[in-house]
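One-letter residues, chain by chain:
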Amino acid sequence: MSRTLVNEDEPAHMKRRRVLMDSFNPENLEQHQDSVRKLTRQYMDRLIDKGKVDLVAEMFWEIPLMVALHFLGVSGEDIDRLREFSVAHTVNTWGRPSPDEQLSVAHSVGKFWQAAGRIIKKMNANPDGPGWMHHTIRQHKLYPEIVTESYLHSMMMAILVAAHETTSNAAANAIRLLLTHRKAWQEICENPNLIPNAVEECLRIEGSVVAWRRRATRDTQIHGVDIPADARLLIVLASANHDERQFENPDEVDLYRENTTDHLTFGYGSHQCMGKNIARMELRIFLEEFTRRLPHLEIVPDQEFSYLPNTSFRGPSSLWVQWDPKLNPERSDPALLKKHHHFQIGSPSKDEITRRIEVTEVHNECDDVVRLVLKTPNSQTLPKWSPGSHIDLIIDGFNRKYSLCGSPSRKTSYEIVILKEPQGKGGSVHIHDKVKIGQLAQIVGPKNHFRLDESAAEYILIAGGIGITPIIAMADRLKLLGKKYIIHYAGKSKSSMAMREKLMLNHAGHLKMYSKQDGERLSLNVTTRDVNEGQQVYACGPERLLDELETIGADWPENMLHMERFSSQNSALNPDDEHEFNVMLKDSDIIVRVKADQTILDALLSIGIDAPHDCKEGICGTCEVPVLDGKIDHRDHVLTNKEKNSLDRMMTCCSRAKGSDIVIAM
Ligand code: FES
């Protein structure tokens, strides 16, 4: 066998990867969702009334294999020929077979090779056929020196193994992990939006690829450790996935973990798993079908788990589960069978990591301002938050960001304050007019892009209108810390200024209020005239106020001015004013074309690259990437002028290349 994509070096590797990766792009994978769903349902139908099964034997061994064969374009009796061989290949490559086993493994691998050859020959006669192997054969004809004849053979075998066992193991690991963490299982039963993130969390905690072998191609150093050229490395991905420097409480199952997709189960850079989005698709569909049709599934207690002895792939060889078929929800509600969730291909969208909440109090705060108290339906503990944090509230089809106020020490409730904006897009008006106590909704977060640096000696807090909400939480915290601070709070009229009384009560002596109706005006120049190095300025309010402050603070030292924007006026792209350019991803050795009507982030996501992001408006900083070469057209509100001038980083969701090329580390 030749080396294949997974273990070959440059320059051959990337040339081939470029020629062969098209079918793995998210838009080309969408067409497979229905067949994976159909297959999963067929297998579920067979076991639904049994009450007790080994899920590996009954389902998880078969479906990923069938999906892999379908993806390759193998059909008919060829499916049966190929399905017997892939285990032998794993033991041969990654295990430590005994001398007798080596003989039988060698025979099986030989037969696998022959069968693959016969099938490729057949496919050659039908070059327009469907599936990745037919595509690879066509590419072989176009680029015979890049995709050689022997390479076709090797890839047929390697892809089958890569796509089959890793996904089978991952499915068994995921179901086992979630059933032994019943709260997490219950949460995804109640809220299928969490499934994509649950899949990533399972891949992180109990990934099916735990280690990988590599050889150093040159002398290098990692964290002060010398690695000589030609050193053999065993890279223990499972260890990285539990690294407490990267993941908070790494051994806990946290379905709301924001950075769970940082796991290395799919690898990183130019060798990142090409089939990761097929695996994700299968695992999401499995979890969705099981949680909807068998929410009462349990793991059979006291069973022993055994594993195929090898260095890299991990998953139990059997997984016994049980349930009472009389309690299957579809018996009383057959309509359940028709419903299902559709998941977008690719890494989970942050917006899907939602938590169910209930509105438990509604208070009229002042003119056109309401304050809502939110709790989970079971009054469970909510995640901690800090001053400056916000949540995304998803209610009746509207999705809006609101700063948290109230006390961070309250563990089971959040408070938000909402201004009615008749000129807005309708969300605030809907909440004011329609939302009542008992209404259910969802939230994403909390997240904090406006964090209070508690190390400064003194603080100037500036709020315009409803921008008081994060500012009051900061003031409360500074008071608690015994810091020196002053609040400048401007509004249209006294009766429209939210939380006035609370501020006067708790922050008297630190508060200056400006009511336009009474002829009082907040002058930012005056307020910040004597600002000095020991101070920090935090501001939230209308765009106009923040833009003016940004101009005033342009020459202030780094990290002195902090502003919270909930939306960016200048983030919309006008393709007529833009140009196309190339982004080179240095670590992955990929060049991505960014069209005039696309952001860099969109271009990366469209080809299946897991690029971190959140706001997509240049206001949160999540999509920042190091820039290695090329001129940047900065358009974000995150970086300071000094940082922008250093030309070493950019926000991929809005900033662009000034010229025709830019190189980023990714
Ligand atoms: Fe928030 Fe880019 S995703 S700044």
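Definitions and cut-offs
- Residues numbered from 1 in each chain as written.
- Predicted model: local features only at pLDDT ≥ 70, side-chain atom pairs only at ≥ 80, totals over all residues.
- Heavy atoms only, no water.
- Helix = DSSP H or I, 4+ residues; strand = E, 2+ residues; numbered from the N terminus.
- Rg over C-alpha atoms; globule rule 2.2 N^0.38 Å.
- Contact = heavy atoms within 4.5 Å.
- Lys, Arg positive; Asp, Glu negative; His and termini not counted.
- Charge placed at Lys NZ, Arg CZ, Asp CG, Glu CD.
- Core = buried A, V, L, I, M, F, W, Y, C linked by side-chain atoms within 4.5 Å.
- Buried < 20%, exposed > 50% of the residue type's maximum accessible area, 1.4 Å probe, protein only.
- Polar contact = N/O pair within 3.5 Å; in protein donor to acceptor, adjacent residues only side chain to side chain.
- Pairing = 2+ DSSP bridges.
- Axes fitted to C-alpha atoms, helices over the stretch in contact; angles between N-to-C directions.
- Salt bridge = Lys/Arg side-chain N within 4 Å of Asp/Glu carboxyl O.
- Right-handed = clockwise from strand over helix to strand, strands pointing away.
- Arc of directions from axis to C-beta.
- Parallel < 35°, antiparallel > 145°, perpendicular 65-115°, else oblique.
- Left-handed = near helix turned anticlockwise from the far one by under 90°.
- Nonpolar A, V, L, I, M, F, W, Y, C, P; charged D, E, K, R; others polar.

S.K.: Quick rundown of the overall build of the chain? Include the residues and the values.
M.R.: Summing up its helical and strand segments, the chain has 22 helices and 25 strands in all. By the compact-globule yardstick of 26 Å for 666 residues, the chain fits well, its C-alpha radius of gyration being 28 Å. For the chain, the spread of C-alpha atoms along the three principal axes comes to 90 × 60 × 50 Å. Long-range pairs, those at least 24 residues apart, make up 69% of the contacts in the chain between residues at least 6 apart in sequence. Taking the average location of the 82 positive side-chain charges in the chain and that of its 93 negative ones, the two points are 1 Å from each other.

S.K.: An account of the nonpolar core is needed here, citing residue identities and associated values.
M.R.: In this structure, Met 156, Ile 175 and Phe 290 are the most contacted members of the largest nonpolar core, which totals 87 residues. Among the elements that make up this core, the one with the highest residue count is helix H10 (residues 149-179) (16 residues). Once you skip the residues sitting within four places of it in the chain, Ile 175 turns out to touch Leu 55, Phe 60, Trp 185, Leu 287, Phe 290, Leu 297 and Leu 319.

S.K.: Describe the side chain of His 507, with residues and values.
M.R.: Looking at where His 507 falls in the secondary structure, it is placed in helix H18 (residues 500-507). Separated by 2.6 Å, the side chains of His 507 and Tyr 485 make a polar contact. In this structure, His 507 is in contact with Ala 475, Asp 476, Lys 479, Tyr 485, Ile 487 and Lys 502, ignoring residues within four places of it in sequence.

S.K.: Break down the side chain of Asn 197 for me, citing the residues and quoting the values.
M.R.: Here Asn 197 shows up in helix H12 (residues 195-205). At a separation of 3.0 Å, a polar atom in the side chain of Asn 197 contacts the main-chain carbonyl oxygen of Arg 257. Apart from residues lying up to four places away in sequence, Asn 197 is in contact with Leu 255, Tyr 256, Arg 257, Thr 260, Pro 348 and Ile 353.

S.K.: Any details on the sheet that holds strand S18 (residues 561-564)? Residues and values, ideally.
M.R.: The strand order across the open sheet formed by five strands is S16-S15-S14-S17-S18, and the pairing between neighbours is parallel. Bordering the open sheet on either side are strand S16 (511-515) and S18, each of which pairs with just one other strand. Averaged over all adjacent pairs, the angle separating strand axes in this sheet is 15°, with direction ignored. As paired strands, strand S14 (residues 458-464) and strand S17 (residues 535-540) are joined by six bridges and run parallel to one another. Looking at the pairing, Leu 461 lines up with Tyr 538 of S17.

S.K.: With reference to specific residues and values, describe the pattern of salt bridges.
M.R.: Evaluation of the coordinates by the stated rule reveals 37 salt bridges. Ionic pairing is found between Arg 293 and Glu 289, a salt bridge with its closest N-O pair at 4.0 Å. Linking Arg 293 with Glu 289, this pair stays in helix H14 (residues 276-293), spanning four residues, or about one helical turn. The class of Arg 293 is buried, set by a relative accessible area of 2%. Judged by its relative accessible area of 0%, Glu 289 is buried. Between Arg 371 and Glu 365 there is a salt bridge, and its shortest N-O distance comes to 3.1 Å. Three or more residues are tied together by salt bridges with common partners; here these are Arg 37, Arg 41, Asp 45, Glu 288, Glu 289, Arg 292, Arg 293 and Glu 330.

S.K.: Tell me about unusual backbone geometry, and please be specific about residues and values.
M.R.: Of the consecutive residues Gly 445 and Pro 446, the connecting peptide bond is found in the cis state with omega at 10°. With respect to the helices and strands, Pro 446 occurs in strand S13 (residues 440-447). Positioned with a positive phi, Asn 249 is a non-glycine residue whose angle comes to about 45°. Relative to the elements of secondary structure, Asn 249 occurs in the loop between helix H13 (237-240) and H14.

S.K.: Tell me what's going on with the pairing of S17, and back it up with residues and numbers.
M.R.: Most of S17 sits out of view: six of its six residues are buried. Of the two faces of S17, the one carrying Gln 535, Val 537 and Ala 539 and the one carrying Gln 536, Tyr 538 and Cys 540 are both buried. As for the winding sense of the linkage, the β-α-β connection from S17 through helix H20 (residues 543-552) to S18 is right-handed.

S.K.: Residues and numbers for H18, please.
M.R.: For H18, the set of buried residues is Arg 500, Leu 503 and His 507. When H18 is viewed along its axis, its buried side chains cluster within an angular range of 75° and face the same direction. Facing away from the buried side of H18, by more than 90 degrees, are the exposed residues Glu 501 and Leu 505. The first or second residue beyond H18 is Gly 509, which carries a positive phi of 90°.

S.K.: An account of the environment of Arg 280 is requested, with residue identities and associated values reported.
M.R.: One can find Arg 280 in helix H14. Along the chain, Arg 280 and Ala 498 lie 218 residues apart, while their C-alpha atoms are 45 Å from each other. Discounting residues that sit within four places of it in the chain, Arg 280 has contacts with Glu 200, Thr 261, Phe 266, Gly 346, Ser 347 and Asp 610.

S.K.: Account for the packing of helix H17 (residues 468-481) against H18, with residues named and values stated.
M.R.: Packing of H17 against H18 brings their axes to within 11 Å, and their N-to-C directions diverge by 15°. When the axes of H17 and H18 are compared, the pair comes out roughly parallel. Relative to H18, the crossing made by H17 is left-handed. Where H17 approaches H18, its residues Ile 468, Ile 472, Ala 475, Asp 476 and Lys 479 are matched on the opposing element by Lys 502, Leu 503, Asn 506 and His 507. Residue classes in the contact of H17 with H18 are distributed as four nonpolar, two polar and three charged.

S.K.: Describe the environment of Asp 648, with residues and values.
M.R.: The residue Asp 648 is located in the loop between helix H22 (641-645) and strand S23 (649-651) in this model. For the pair Asp 648 and Leu 178, spaced 470 residues apart in sequence, the C-alpha separation works out to 42 Å. Excluding residues within four positions of it along the chain, Asp 648 makes contact with Val 625, Pro 626, Val 627, Ile 632 and Glu 643. Within the local environment of Asp 648, its side chain forms a polar contact with the side chain of Ser 646, the two groups lying 2.8 Å apart.

So yeah, pure geometry; function would need other evidence.
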